[in-house]
Amino acid sequence: MSTATDTIHHDEHDDHHHHIPKGIKRWLFTTNHKDIGSLYLWFSFIMFLTGGAMAMVIRAELFQPGLQIVDPNFFNQMTTVHGLIMVFGAVMPAFTGLANWLIPMMIGAPDMALPRMNNWSFWILPFAFLILLSSLFLEGGGPAFGWTFYAPLSTTYSSDSTALFVFSVHIMGISSIMGAINVIVTIWNMRAPGMTWMKMPMFVWTWLITAFLLIAVMPVLAGVVTMVLTDKYFGTSFFNAAGGGDPVMFQHIFWFFGHPEVYIMILPAFGIISHIIPTFARKPLFGYASMVYATASIALLSFIVWAHHMFTTGMPVAAEMFFMFATMLISVPTGVKVFNWVATMWRGSMTFEIPMLFAIAFVVLFTIGGLSGLMLAITPVDFQYHDTYFVVAHFHYVLVTGAVFSIMAAAYYWLPKWTGVMYDNTLAKWHFWASLVSVNVLFFPMHFVGLAGMPRRIPDYALQFADFNKWISIGGFAFGLSQLIFLALLIKACRKQGEPASDQVWDGAEGLEWEIPSPAPYHTFETPPVIK
Amino acid sequence: MNLLTKMFVTLVTLFITLPALAQSAESEGRSDLNLRTGVTDISSQVYDLHMLMFMVCVGIAVVVFGVMFVSMYLHRKSRGVKPANFHESVKVEIAWTVVPFIILILMAFPAAKTLIAMEDTSEADMTVLVTGSQWKWHYKYMDSDVEFYSSLATQQEQIKNKFAKGENYLLEVDRPLVVPTGQKIRFLITSDDVIHSWWVPDFAIKKDANPGFINEAWTNVNEPGVYRGQCAELCGKDHGFMPIVVVAKTPEEYKEWKAEKIAAIETAKAEEARLLAMNMSMDELMVSGKKVYLAKCAACHMPNGEGLPGVFPAIKGSALALNDRPGHIDILLNGRTGTAMQAFSKQLTLSEIAAVITYQRNAWGNNTGDIVQASEVHTYANGK
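Residues numbered from 1 in each chain as written. Chains lettered and ligands numbered in written order. Predicted model: local features only at pLDDT ≥ 70, side-chain atom pairs only at ≥ 80, totals over all residues.

A.B. asks: Whenever I open this one, the overall build of chain B confuses me. Can you help?
C.D. replies: When helices and strands are tallied, chain B shows 10 helices and 10 strands. Taking 384 residues into account, the globule formula puts the C-alpha radius of gyration at 21 Å, and chain B, at 29 Å, lies well above it. In terms of its C-alpha atoms, chain B occupies a principal-axis envelope of roughly 95 × 50 × 40 Å. Across the 384 residues of chain B, 35% fall into the buried class. Contacts in chain B between residues far apart in sequence, at least 24 positions, make up 63% of those at least 6 positions apart. (Helix = DSSP H or I, 4+ residues; strand = E, 2+ residues; numbered from the N terminus. Rg over C-alpha atoms; globule rule 2.2 N^0.38 Å. Buried ≥ 20, exposed ≤ 12 C-beta atoms within 10 Å, placed from the backbone. Contact = placed C-beta atoms within 7 Å.)

And the structure:
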């Protein structure tokens, strides 16, 4: 497909194939989508370990009742910063990293459309997180109001590090918006000739829709943090009833961002799984068109369900009913996706390499998270579930065994293409099985303690929750440690230790990225391939 | 492969046995696995709805995962299966869009019915105003003068692991809310500072307490008993330490309790007047001041008076406590708007305020030697 252009290639050779710069300058000044993709992925992994370390502090404190290790104020900082880091520092940059690496290779483009902006959108991120993390060392500590920073806890009643929190969220938002613009422009303009919309790979489709969601809601987040800033420091009263404002309005604005944000973190995962299952089932994806429409419907519905996070705030009963029904509706397109994956597997010829294991674990465990989400949608029972560990269990099933497992599946799936060597299969097996078992020991019992009445975000708890919390903590430590296996595996792969991988890598794999050599050369598709 | 099969078997078994587990836990009267049925008609409706949803979800999970595991067993390359090549089927796709939709509609009816009943606060027999503040609850009976604060009763020593933890660790309060059984009780819920959430699982009530706004909820308790809950919305440092205890008494017992409470208010007024005329010694003031300080002030300003730098100011060595005597009385009585400092004029008696001010001005090296009497606080409060 891409070899007919070798002669033209030669003339341009000296212009295009500069030497690859060495050392720090290569990474600082790079405009290459593969380099930037790697930067994003490593950054997100470092953030994953950092946020994970905070989760370990939380789980250590909750190992038994009583206050042992940290004081409640620091505990609140840990839950807050853990959430912020995992959402904005680990999951979102990981997907952006995958988009950078994969979208140009999947659509036959030489690079992202806006490479200098690409560089900038990555390099402001480390500063955002440096600011956020440094606030933990200030007098009064870092943000302690939960990652949802409800006013007035985050305004009148917060410590002075709030200004730093607001600034760092602004930078994260700018970075995400730039990344999203880049994805849209690239997909819109740089698809290889013949790649019509309905021939685009699912990962490209899901990311395109995700990018629109990002552009729609990140400015809303920027707006709401700015209101928090002016309420706290400049005497405005957006969220202060005494000045004519309304604290519940904060929640409406925040969740108008927050709910689409949830789908920003899961739609690309759907894309990844839709690549991996067909490959290892050796059978084309079932219902490609319905997958695209389902993704789009989920994205559209995500704008009219935000208040299901707010059923206890005292909305009128008609509003509660509207948001209950709209939320229940989301399970229809989500169900379609799950059924499609199962139908793809049906009568395939399956093998169970590591990416497939992660993908299957994703389908099962994400569905468990989706089903508990359906239970949470039912307003009268949500009054009992709301703000308990049942909710914590729910969103960790969709985010950890959902989003994070899909990212790991993607890493294993495309790593041989990126590095040119197969990953260490023994380490990979250990990583998968250790993660799978420990993540369920960690999050499954949370359903029980939540139903039994344990509120979330508390540093200490009543005695009847003690047994389960001990198990949850043990699962937490085990899951945390399991990720060090992954770290070792990644380092090994990046140092190119392993069996050389073939160009196609997996015998069932299809798509443009499998037609270029392994490892993928620094520049690919300088002349576009033609899609039949 | 063997490991894989085992894993699936485990998962499937787990899903099938869960409801059974939940049921058995319930029949033993325990509640550490599942939602409680509670003690009101609404709460048992909510429980039924929860179990219905749960069963539907388990059903869906068993079918979907079942098909998937069967496929993973049958359609493996190692069994020599050749892959089929189908990739769409309009009929099947329409079916699995429409069927879930119908299931959802069937679930929506009972949910909507219960919801409407829960939100109908009309025709209540009595009303209680519930006000959250950092980190305690205040209850006011709208039909009388009875009102009081309710805060955590668990000793700090238990929390700090110095004493053994009691049976109701973190779920016990000094003054519980008392309500009669068999009457429709309306709760008006609001807050003095940040957002809290008033949650009693046995009543299936969880309603946010929003500063500046009033929410409504109601209950009608069927059985006398002690029902415990907690604040459910992150409200700052001691969010985990503001439990709710409701004691439901029979209407007769409730009447007795109410009469005692009203009588106690009269006695307290007389006692306050007596104390106002008395001058207390430094020692007496320091002893009772320390008690009040540890109960009301130490959560933020810390037992050593040093506060939490950057969050809660220190009293030890502060200009207010060392020099500004009227300012000190003022901040205790009226609080300071725009900060977490609450007004204590309604939370403490005049003599308690006098004692705690005296304590703050003489403890931890704040050796001003100042003695503040209740009468001085009284004069300041009325002079404004």
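A.B. asks: How should I be thinking about the overall build of chain A in this particular structure?
C.D. replies: Assigned secondary structure in chain A consists of 17 helices and 0 strands. Here the C-alpha radius of gyration of chain A, 23 Å, is about what a compact globule of 532 residues would show, namely 24 Å. With 532 residues in all, chain A has 61% of them scored as buried. Considering only residue pairs separated by 6 or more positions, chain A has 84% of its internal contacts joining residues 24 or more positions apart.

A.B. asks: In this structure, what is going on with the confidence of the model for chain A? I would like to understand it.
C.D. replies: The predicted coordinates ought not to be read in detail in places where the model reports low pLDDT. Confidence in the prediction of chain A, expressed as mean pLDDT, is 94, and 97% of residues score 70 or more. Every residue in residues 1–15 of chain A is under pLDDT 50, and counting partners more than four places away or in other chains gives 9 contacts. (pLDDT = per-residue confidence, 0-100.)

A.B. asks: What should I look at first to understand the nonpolar core in this one?
C.D. replies: Soluble globular proteins tend to pack their nonpolar side chains together in the buried interior. All names here are of chain A. One finds Val-91, Phe-358 and Ala-409 to be the most contacted residues of the largest nonpolar core, which totals 265 residues. For this core, the element with the highest residue contribution is helix α15 (residues 389–419), accounting for 22 residues. What Phe-358 contacts, discounting residues up to four positions off in sequence, is Phe-405, Met-408, Ala-409, Tyr-412 and Phe-432. (Core = buried A, V, L, I, M, F, W, Y, C linked by C-beta atoms within 7 Å.)

A.B. asks: I tried to follow the sheet that holds strand β4 (residues 177–180) of chain B on my own but got confused; where do I start?
C.D. replies: What holds strands together in a sheet is hydrogen bonding between their backbones, with the strands either parallel or antiparallel. Residue and element names in this part refer to chain B. Judged by pairing direction, the sheet is mixed, and its 5 strands sit side by side in the order β4-β10-β9-β6-β7 without closing on themselves. The sheet terminates laterally at β4 and β7 (205–209), the two strands that pair on one side only. Adjacent strand axes in the sheet meet at a mean angle of 25°, parallel and antiparallel pairs treated alike. In this sheet, strand β10 (residues 243–249) lies alongside strand β9 (residues 225–231) in antiparallel orientation, the contact comprising 6 bridges. Within β10, the residue paired with Gly-229 across the bridge is Ile-244. (Pairing = 2+ DSSP bridges. Axes fitted to C-alpha atoms, helices over the stretch in contact; angles between N-to-C directions.)

A.B. asks: Explanation requested: the sheet that holds strand β2 (residues 136–141) of chain B in the structure shown.
C.D. replies: Residues and elements named next belong to chain B. The 5 strands are arranged β3-β2-β1-β5-β8 in an open sheet whose pairing can be described as mixed. What marks the edges here is a single partner per strand, and that holds for β3 (147–150) and β8 (215–219). Sheet twist, expressed as the average angle between the axes of neighbouring strands with direction ignored, equals 25°. Both β2 and β3 contribute to a ladder of 4 bridges, which runs antiparallel. Its bridge partner lying in β3, His-138 is registered against Tyr-149.

A.B. asks: Can you help me understand the interface of chain A and chain B in this one?
C.D. replies: When the parts come together, some accessible area is lost, and that loss is often what is quoted as the size of the interface. At the interface, 85 residues of chain A touch 82 residues of chain B. Of all the elements in the fold, those that place two or more residues in the side of chain A that touches chain B are α4 (72–107), α9 (247–264), α11 (288–301), α12 (317–345), α13 (354–377), α14 (379–385) and α16 (425–451) of chain A. It is α12 of chain A that provides the largest number of residues to the side of chain A that touches chain B, a total of 14 residues. Split into classes, the residues belonging to the side of chain A that touches chain B amount to 51 nonpolar, 25 polar and 9 charged. (Nonpolar A, V, L, I, M, F, W, Y, C, P; charged D, E, K, R; others polar.)

A.B. asks: I keep staring at the packing of helix α10 (residues 267–281) of chain A against α12 of chain A and nothing clicks. Help me out?
C.D. replies: Helix packing for two helices is described by the angle between their axes and how far apart those axes are. Residues and elements named next belong to chain A. Between α10 and α12, the shortest axis-to-axis distance is 9 Å and the interhelical angle comes to 15°. Compared by their axis directions, α10 and α12 come out roughly parallel. Between α10 and α12 the crossing geometry is right-handed. Where α10 approaches α12, its residues Phe-270, Ile-273, Ile-277, Pro-278 and Ala-281 are matched on the opposing element by Lys-337, Trp-341, Thr-344 and Met-345. (Parallel < 35°, antiparallel > 145°, perpendicular 65-115°, else oblique. Left-handed = near helix turned anticlockwise from the far one by under 90°.)

A.B. asks: Help me understand helix α3 (residues 90–118) of chain B in this model?
C.D. replies: Three or four residues apart is the spacing at which side chains of an α-helix point the same way, because the helix has 3.6 residues per turn. Taking 1.5 Å per residue, 29 residues should reach 42 Å; α3 of chain B reaches 42 Å between its end C-alpha atoms and fits that length. Burial in α3 of chain B covers these residues: Trp-96, Pro-100, Ala-111, Thr-114, Leu-115 and Met-118 of chain B. Considering only its buried residues, α3 of chain B is in contact with α12 and α14 of chain A together with α2 (41–74) of chain B. (Expected span 1.5 Å × (residues − 1).)

A.B. asks: Just to check I follow, could you spell out the pairing of strand β1 (residues 126–133) of chain B for this structure?
C.D. replies: Looking along a regular strand, one sees side chains alternate from face to face of the sheet. Residues and elements named next belong to chain B. Pairing of β1 with strand β5 (residues 185–191) involves 7 bridges; the strand directions are parallel. Looking across to β5, one finds that Met-126 is bridged to Ile-185. Here β1 runs beside β2; their pairing, made up of 6 bridges, is antiparallel. Bridging from a neighbouring strand, Leu-129 pairs with Lys-140 of β2. Hairpin connection from β1 to β2: 2 residues lie between these consecutive antiparallel strands.

A.B. asks: Even after reading the chapter, I still don't get α15 of chain A, so can you show me in this structure?
C.D. replies: At Tyr-413 of chain A, α15 of chain A shows its largest kink, close to 40°, and the proline Pro-416 of chain A lies no more than four residues downstream. The buried fraction of α15 of chain A amounts to 30 of the 31 residues, a majority that puts the element mostly inside the structure. (Bend = angle between axes of the 7 residues up to and from the residue.)

A.B. asks: When you look at unusual backbone geometry in this model, what are you seeing that I'm missing?
C.D. replies: Across the chain, the bulk of peptide bonds are trans and the bulk of non-glycine residues have phi less than zero. Between Ala-151 of chain A and the following residue, Pro-152 of chain A, the backbone shows a cis peptide bond with an omega angle of 0°. Along the chain, the position of Pro-152 of chain A falls in the loop between α6 (125–134) and α7 (162–189). Of note, the phi angle at Lys-496 of chain A is positive, near 60°, even though the residue is not glycine. The topology assignment puts Lys-496 of chain A in the segment after α17 (466–494). Even without a glycine there, the phi angle at Met-302 of chain B is positive, about 70°. Secondary-structure assignment places Met-302 of chain B in the loop between α6 (282–301) and α7 (319–322).

A.B. asks: Just to check I follow, could you spell out the pairing of β8 of chain B for this structure?
C.D. replies: Residue and element names in this part refer to chain B. Burial runs high along β8: 4 of the 5 residues are buried. Taken together, the 5 bridges between β5 and β8 define a ladder with antiparallel strand orientation. Each residue of the ladder has a partner; that of Ile-185, found in β8, is Thr-219.

A.B. asks: Is there a simple way to explain the packing of α15 of chain A against α16 of chain A in this structure?
C.D. replies: Residue and element names in this part refer to chain A. Taken N-terminus to C-terminus, the directions of α15 and α16 make an angle of 165°; their axes are 7 Å apart at the nearest point. By the criterion of interaxial angle, the relationship of α15 to α16 is roughly antiparallel. Like other packed secondary-structure pairs, α15 and α16 cross with a definite hand, here left-handed. Residues Tyr-389, Phe-390, Val-391, Val-392, Ala-393, His-396, Tyr-397, Val-400, Thr-401 and Tyr-412 of α15 pack against Ala-428, Val-439, Phe-443, Met-446, His-447, Val-449, Gly-450 and Leu-451 of α16. Partitioning the contact of α15 with α16 into residue classes produces 14 nonpolar, 4 polar and no charged.

A.B. asks: Help me understand the environment of Glu-260 of chain B, please; the structure alone is not making it clear to me.
C.D. replies: Within the element layout of this structure, Glu-260 of chain B appears in helix α5 (residues 251–277). For Glu-260 of chain B and Ile-116 of chain B, which are 144 residues apart along the polypeptide, the C-alpha to C-alpha distance reads 37 Å.

A.B. asks: Which parts of the structure should I look at to understand the environment of Ile-60 of chain B?
C.D. replies: Residue and element names in this part refer to chain B. Here Ile-60 shows up in helix α2. According to the C-beta neighbour criterion, Ile-60 is partly exposed, with 19 such atoms within 10 Å. For the pair Ile-60 and Pro-100, spaced 40 residues apart in the sequence, the C-alpha separation amounts to 9.5 Å.

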